[in-house]
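# Tertiary structure, described
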Amino acid sequence: MESIQITFLVLSEDKDLHMALVEVLWEALRSSTVQVRCATASLLELLIKDMDEALVAQRFVPALVTLASDDDMAVRVASVGGFGSLMECAKQSSLLEKAQLQLASFLDEPVYEGEHAIHMEIIKTLGRVGPNADPAFRDQFVLPRLHVLAERNNTLTNRTKRHDIALELLEAFRTLSCCFIPSSQVAEHFVPSLRCLLIDIQEVEPDLADVVKTLISEVEAKSSDTAPSPSKSSVSGMEQGAKTRFMRALGRGESSLSTTSQASSSSTSSGVLSSVSRSQTSASPKVASRDVRSFFRLNKPN
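Treat the numbers as computed from the prediction; the structure is a model and nothing was measured.

Reading the values: the criteria
- In this convention, every chain numbers its residues from 1, walking through the sequence in written order.
- Local features are withheld for residues below a pLDDT of 70 in this predicted model, meaning they are given only at 70 or higher, and side-chain atom pairs are given and counted only at 80 or more; totals for whole chains, interfaces and linings count all residues.
- Just so you know, side-chain values use all the structure's heavy atoms and leave hydrogens and water out.
- Under the DSSP-based scheme used, a helix requires at least four consecutive residues in state H or I and a strand at least two consecutive residues in state E, with every element numbered from the N terminus.
- Remark: exposure states derive from per-residue accessible area (1.4 Å probe, protein chains only) relative to the maximum for the residue type, with buried under 20%, exposed over 50%, and partly exposed in between.
- Residue contacts are defined here by distance: any two heavy atoms, one from each residue, within 4.5 Å place the two residues in contact.
- To measure how exposed things are, a 1.4 Å probe is used in the Shrake-Rupley method; for residues, cover is taken only from the protein chains shown.
- Confidence of the predictor at the level of single residues is captured by pLDDT, which takes values from 0 to 100.
- Between N-to-C directions, angles cover 0 to 180 degrees, with each direction set by a line fitted to C-alpha atoms, over the stretch in contact for helices.
- Each angle receives one of four descriptions, namely roughly parallel if under 35 degrees, roughly antiparallel if over 145, roughly perpendicular if within 65 to 115, and oblique otherwise.
- Classes in brief: Ala, Val, Leu, Ile, Met, Phe, Trp, Tyr, Cys and Pro nonpolar; Asp, Glu, Lys and Arg charged; the others, Gly included, polar.
- Among buried residues, those of type Ala, Val, Leu, Ile, Met, Phe, Trp, Tyr and Cys that are joined through side-chain atoms within 4.5 Å constitute a nonpolar core.
- Each crossing gets its handedness from the near helix: less than a right angle anticlockwise from the far helix is left-handed, clockwise is right-handed.
- Side-chain rings of Phe, Tyr and Trp, where Trp is taken by its six-membered ring, are said to pair if the distance between their centres is within 6.5 Å; with planes under 30 degrees apart they count as stacked, over 60 as edge-to-face, and otherwise as tilted.
- The charge count treats Lys and Arg as positive and Asp and Glu as negative. His and the chain ends do not count.
- One speaks of a salt bridge when a side-chain nitrogen belonging to Lys or Arg is within 4 Å of a carboxyl oxygen belonging to Asp or Glu.
- By the criterion applied in these results, polar contacts are pairs of N or O atoms within 3.5 Å in which, for protein atoms, one can donate a hydrogen and the other can accept it, and in which residues neighboring in sequence qualify only through two side-chain atoms.
- The length a helix should cover is 1.5 Å for every residue beyond the first.
- Working definition for bend: take the seven residues up to and ending at a residue and the seven starting at it, fit an axis to each, and measure the angle between the axes.

On a plain count of helices and strands, the protein comes out with 13 helices and 0 strands. Counting from the amino terminus, the protein carries its helices and strands in the arrangement α-α-α-α-α-α-α-α-α-α-α-α-α. Put simply, the protein has 302 residues, and 40% of those count as buried. When contacts within the protein are restricted to residue pairs at least 6 apart in sequence, those whose partners lie at least 24 apart make up 65%. Total accessible area on the protein stands at roughly 16,700 Å², and carbon and sulfur atoms take up 54% of it.

Given below as C-alpha cells:
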C-alpha cells in the first residue's frame, strides 16, 4: 500500500494527470474487496491537496460520498479522513457544507451509535484539520462536536473505549489550544470539554491529569489575555461625562459666589447685615472648593 501511495503522490504533481488518477480510483470503488475500497479512500485523501476545485466538486466529493455509504463500516471509517482533507483544502462554502453534513451524519445517526472506530477517526480528523480549517467552521462545528463527544465519553461503561477516546480527545485539544479561539467559544465549549476530559483522565489515565489541568489553566489565561479592551469611543464618552460633571461642579461654586456678592452689595447700609454678608462671602469659596474636591474623589481612577 505504501508503494501505491508514493506512486500516486508522484503522479499527482502533474495536474494534467489528476483526471486520470481520479478515474482509476472510481474503478477501484467498484471492487468487491473491502481492503481495496478502504485503500481508495486513503488515496483520495492524498489527491485533494493539489486538485482543482471543479474536479473536486465533480468527481472527488461524489466518490467520497459513495465510500461514506458503503455497506462495510470499515470503508465508511476510511472515508472520514477524506472529508477532513476537504475541510482543510476547499474554498467553496458548498463543499465545506457537504463535509460538515457528512461528519454530522456519522455522529448523529442512530446507526453509528456505539461505533467506536468511527468516533475515534472523527476525533482524530477534527483535531488534525481544526488549526487549518476556516475559523468560523472551527468555532461553529469542530469545537461544539468535540464538546459533545467529551460529554458522551463520561458516560461510557466500557473502560477500554473510554480510555481510547480520552487520549484521542486530549491530543485533539492540545492541537487546537494553539489556535486563536474567541473567548466566548473558550467559555462555552473549550474549557467545559476539558473539564469533561479531566473526569475521564483521572479515572483511566491518572498520570495525565496534571497535563489536562495545565491545559485548562493555559487556555483560560490566554482567553483572559485576549479579552477585548474598552473601545476608544466608550473611553471618549467617559471622558466627556467627567468633563460635564466637572463643569457642573464649578458652576455650583460660581453660582454661590454670585449670590453672595449680590447679598453683600444690597446690605451695605447695615453694619449687622454687612457683617453677615462678609461671613457668607467667606464661606462661599469653601462651598465651591468642597464641590470640586468631591468631584475629583468621585472621578478618581481606580
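This part takes up the confidence of the model for the protein. With 74% of its residues at a pLDDT of at least 70, the protein reaches an overall mean of 80. Mean pLDDT across the secondary structure elements of the protein bottoms out at helix H13 (residues 271-298), with 45, and peaks at helix H9 (residues 159-176), with 96. Taken as a whole, residues 229-239 scores under 50 in pLDDT and shows 1 contact with residues more than four places along the chain or in a different chain. Every residue in residues 291-300 is under pLDDT 50, and counting partners more than four places away or in other chains gives 12 contacts.

A few words now on the packing of helix H4 (residues 53-68) against helix H6 (residues 93-108). Pairs of packed helices are described in terms of their axes, by the angle between the two and the distance that separates them. Two elements in contact, H4 and H6, have axes whose closest approach is 11 Å; the angle formed by their N-to-C orientations is 10°. Viewed along their axes, H4 and H6 adopt a mutual orientation that is roughly parallel. Mapping the contact onto sequence places Glu53, Val56, Ala57, Val61 and Ala68 in H4 and Leu95, Lys98, Gln102 and Phe106 in H6. Here the residues of the contact of H4 with H6 sort into 6 nonpolar, 1 polar and 2 charged.

With that settled, consider the nonpolar core. Grouped together as the largest cluster of nonpolar side chains are 74 residues, with contacts concentrated most on Phe60, Leu86, Leu103, Leu146 and Leu197. Counting residues per element, this core draws most heavily on helix H10 (residues 183-204), at 9 residues. When neighbours within four sequence positions are excluded, phenylalanine 60 is seen to be in contact with Leu44, Glu45, Ile48, Met51, Leu55, Gly82 and Leu86.

Turning our attention to the packing of helix H2 (residues 18-29) against H4. Following both chains from N to C, one finds H2 and H4 inclined at 20°, their axes separated by 11 Å at the closest point. Classified by the interaxial angle, the pair formed by H2 and H4 is roughly parallel. Considering the relative orientation of H2 and H4, their crossing is left-handed. Counting all contacts with H2, which are made through His18, Met19, Val22, Glu23, Trp26 and Leu29, the residues of H4 involved are Leu55, Arg59, Pro62, Ala63, Thr66 and Leu67. Of the residues contributing to the contact of H2 with H4, the split by class is 8 nonpolar, 2 polar and 2 charged.

Under the definition given, this model contains 3 aromatic pairs. Ring geometry for phenylalanine 137 versus phenylalanine 141: centroids 5.2 Å apart, planes at 20°, classification stacked. Of this pair, phenylalanine 137 and phenylalanine 141 both sit in helix H8 (residues 135-153), 4 residues apart, roughly one helical turn. In this structure phenylalanine 141 comes out as buried when scored by relative accessible area, which is 4%.

Moving on: the side chain of arginine 76. Tracing the backbone shows arginine 76 in helix H5 (residues 73-89). As a buried residue without a salt bridge, arginine 76 has its nearest oppositely charged side chain in aspartate 71, at a separation of 5.1 Å. Sequence-distant contacts of arginine 76, defined by excluding residues within four places in its chain, comprise Leu67, Ala68, Ser69, Asp70, Asp71, Phe106 and Tyr112.

Along the chain, aspartate 14 falls in the loop between helix H1 (2-12) and H2. Judged by its relative accessible area of 36%, aspartate 14 is partly exposed. Taking the C-alpha atoms as reference, aspartate 14 lies 9.4 Å from aspartate 50; in sequence the two are 36 residues apart.

Moving on, we come to the pattern of salt bridges. Under the criterion given, the structure shown has 10 salt bridges. The partner of arginine 138 in a salt bridge is aspartate 139, with the nearest N and O atoms 4.0 Å apart. The two residues arginine 138 and aspartate 139 agree in class, both being buried.

Here we come to the environment of arginine 145. Assignment of secondary structure puts arginine 145 in helix H8. A C-alpha to C-alpha distance of 8.5 Å links arginine 145 and leucine 107, two positions 38 residues apart in sequence. Here the side chain of arginine 145 touches aspartate 108 through a polar contact of 2.7 Å, side chain to side chain.

Moving on: the side chain of aspartate 139. With respect to the element layout, aspartate 139 can be found in helix H8. Not counting chain neighbours up to four residues away, the residues in contact with aspartate 139 comprise Pro144, Ile181, Pro182 and Gln185.

Over its 22 residues, H10 runs 30 Å from end to end, which matches the ideal 32 Å to within 8%, given 1.5 Å per residue. Taken as a whole, H10 carries its principal kink of about 30° at phenylalanine 190; the proline proline 192 stands between one and four residues after it.

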